[in-house]
Amino acid sequence: MARMKFLCDAERCIECNSCVTACKNENEVPWGVNRRRVVTLQDGEPGEKSISVACMHCTDAPCAAVCPVDCFYTTEEGVVLHDKDQCIGCGYCFYACPFGAPQYPQQEAFGVRGKMDKCTFCSGGPEEDNSLAEHEKYGSNRLAEGKLPLCAEMCSTKALLAGDGDIVADIYRQRTLRRGGRPQTWGWDKAYGSDV
Amino acid sequence: MNTAGFPVSRWIDGVLEDKENIAQRDNLRAMVFWGHAPNSQTRGAEMKKAMEELELLVVVDPYPTASAIMHDRTDGVYLLPACTQFETYGSVTASNRSLQWRDKVIDPLFESLPDHTIMYKFAKKFGYDQEMFKNIQVNDDEPLIEDILRELNKGMWTIGYTGQSPERLKDHQQNWHTFNTTTLKAEGGPADGDFYGLPWPCWGTPEMRHPGTPVLYNTSRPVAEGGLTFRARFGVERDGVNLLAEGSWSKGSEIEDGYPEFTADMLKQLGWWDDLTEDEKVAAEGKNWKTDLSGGIQRVAIKHGCAPFGNAKARSVVWTFPDPVPIHREPLYTSRRDLVEKYPTYEDRKSHYRLPTRYGSIQANDFSKDYPLIHTSGRLVEYEGGGEETRSNPWLAELQQDMFVEINPADANDRGIKDGDMVWVNGPEGSRIKVKAMITRRVERGVVFTPFHFAGHMQGEDRRSKYPEGADPYVLGEAANTVLTYGYDSVTQMQETKCSLCQIEPA
């Protein structure tokens, strides 16, 4: 079974926000909730770099470790999903997540946040695959259709890679060999451990 | 009547300029904006005034656009809803010169109509529909798109827009998988040998099956396979210098030197006249490669490896331009007064596209004391043109919610401005815009940048209530061009959007 991973190649990302727009449209994510975003460091200065960030679907996911109602689960393909019917919107996962992935539909006083929402690797949730209930709560389920996440599919420079971790790593390894530089697999140590 | 008309950049002067000074009988009294963003043009404050002085203003667009809301007219404004590209079908041309056939995705929404239907209805009303559409089938007021393209094919010999018939383009659309994504060439299948989208020049008739020209002026290929020479567009000689190519020709050319544009007489001199069919001879007699409607002259030239438009040298001296080779001229609104004497602009012109056009008389004034910052403008990745469609798209609008000005930290500190503060950007012609400050090193000290995609605010006033109900974009903002200033290209009258001056103060 493939272990799904994301990798954003900061040498290629041009901050075009195609990934963000693709995600929003594919999953019908409401205004103010950002499953994926592009972060730019040293904007306007020499050495400027951009990177596209979403839930990395960690091995040993910290969000799952802190969840008081145990609403997270990891699929056979290594995708970290959660059950919105169980989620109480407490926000613990947001504090635990090293990538700032969990999102909440409301930002009101006294911690009323609504059910947490995050990237599903375009693979829905616990409801029946591609059912209306699944779509309404979690967005699309492209994995069930044999397709990869739309953010990476739409990436104009192929900076953002999504898919079987071994294949993603191979593609990246070939790129760095050609470039002759030091690999910078941003976020991989944190998400998947230091031995990958 | 025969002088070139007002360009879109100057229509406001067609309204506002004294009648005595314009090279036509009267001022402009009506404007039809068809798929146009007025906020992409400079001098927005004067444009508002011009819009108010018109007798009639018509907007044809999927969105109301700023044309509908930036003025204070109470009557004589017509919004004609045009449908989008998804609600019709036909060919589209891209900037790589290739054409692509597309299908209709949904029927036109609400009362919107495709552009060509609106155009037909206008023609019918004005009474020249019989003439305009005599070669085009019309079904229920909708001209048949295939016939429109066939009519283009019949007439556009000069740029080789003749071989791209609807049938060939549909073949390409239906056989994407047969095209090599690197070379763009079909490998086998019904379009074998064609380049995707038949990039023009696609010479001759569709039946000739020219493959299109994916790279211009590539002499390493035969013309019949997409190769090309430089066009002999400006005669064969100037000031005693030969303008035709010397020692250069496209691969397989039977004339191994420069040659002029092909004519019937030239075919006869070369002994190639009898390569024409009898019908082609009748059509080609006395004609040249761009007036022979049979395409025979083009066909025979290409058969002998030649480019129909001749083989000349590339030209870098444009003797018809005010500056035959570009030289630096300081902008009209410059902060570098020390450069004006050495690099002056042009003298004012009495009539340029029917209008007096000012250069030197503006540059003579020193605005740099009161307006010390260089103001330039440009695009954002999220928005397109005037931004009306894209600011109405929630996924894109969310990414850029505020009109802003990029300002260097040093200039911001000098003015007591913090990141995210509202500021006034004051232009040297007296207008101003209220926008958010983005403090960033993207711009040098002394330079500020604004994006031009916003509209809906005018000099501090939110005009959202002027939109027809439900038609207002998610995001509104000041148009950068409200404060961008006078200045027009000496050849094309393209507006100066890149180089002006301003002063910024906290709002």
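The structure this text deals with has already been given above.
The rules behind these values
- Residues numbered from 1 in each chain as written.
- Chains lettered and ligands numbered in written order.
- Predicted model: local features only at pLDDT ≥ 70, side-chain atom pairs only at ≥ 80, totals over all residues.
- Helix = DSSP H or I, 4+ residues; strand = E, 2+ residues; numbered from the N terminus.
- Contact = placed C-beta atoms within 7 Å.
- Core = buried A, V, L, I, M, F, W, Y, C linked by C-beta atoms within 7 Å.
- Buried ≥ 20, exposed ≤ 12 C-beta atoms within 10 Å, placed from the backbone.
- Pairing = 2+ DSSP bridges.
- Nonpolar A, V, L, I, M, F, W, Y, C, P; charged D, E, K, R; others polar.
- Expected span 1.5 Å × (residues − 1).
- Arc of directions from axis to C-beta.

(A) Just the overall build of chain B, in detail. Helix and strand counts for chain B come out as 12 helices and 20 strands. Overall, the C-alpha framework of chain B stretches about 80 × 60 × 50 Å when taken along its three principal axes. For chain B, long-range pairs separated by at least 24 residues make up 61% of all intrachain contacts whose partners lie at least 6 apart in sequence.

(B) Layout of the nonpolar core. Residues Val405(B), Ile407(B), Val425(B), Ala437(B), Cys502(B) and Ile504(B) are the most contacted members of the largest nonpolar core, which totals 58 residues. Those elements giving two or more residues to this core turn out to be α1 (11–16), α2 (44–53), β2 (56–61), β12 (373–378), β13 (404–407), β14 (422–426), β15 (432–439) and β20 (500–506) of chain B. For this core, the element with the highest residue contribution is β15(B), accounting for 5 residues. Leaving out residues up to four positions away in the same chain, Cys502(B) has contacts with Tyr371(B), Leu373(B), His375(B), Val425(B), Asn426(B), Gly427(B), Val448(B) and Val483(B). Judged by nonpolar contacts, the second largest core, of 48 residues, contains Cys8(A), Leu160(A), Trp188(A) and Leu396(B).

(C) Looking closely at the pairing of strand β5 (residues 99–102) of chain B. All names here are of chain B. Because side chains alternate across β5, one face comprises the buried residues Leu 99 and Trp 101, and the other comprises Gln 100 and Arg 102, none of which is buried. As judged from the 4 bridges shared by strand β4 (residues 90–93) and β5, these two strands associate in the antiparallel manner. Bridge assignment links Thr 93 to a residue of β5, and that residue is Leu 99. Counting the residues between successive antiparallel strands, the hairpin from β4 to β5 contains 5 residues, one of them, Arg 97, with a positive phi of roughly 75°.

(D) Spotlight on the interface of chain A and chain B. Listed per partner, the contact involves 10 residues of chain A and 10 residues of chain B. Looking at the side of chain A that touches chain B, its residues break down into 3 nonpolar, 4 polar and 3 charged.

(E) Region of the structure containing helix α3 (residues 115–126) of chain B. Residue and element names in this part refer to chain B. End to end, α3 covers 17 Å across 12 residues, agreeing with the expected 16 Å (1.5 Å per residue, within 8%). Turning to α3, its buried residues are His 116, Thr 117 and Tyr 120. Seen along its axis, α3 keeps its buried residues to an arc of 100°; they face one direction. α3 presents Lys 125 and Phe 126 as exposed residues on the side facing more than 90 degrees away from its buried surface. Where the residues of α3 are buried, they touch α4 (129–132), β6 (138–139), β7 (142–143) and α5 (145–155). Looking one or two places after α3, you find Gly 127, whose phi comes out positive at around 85°.

Note that all results are geometric; they support no functional claim without further evidence.
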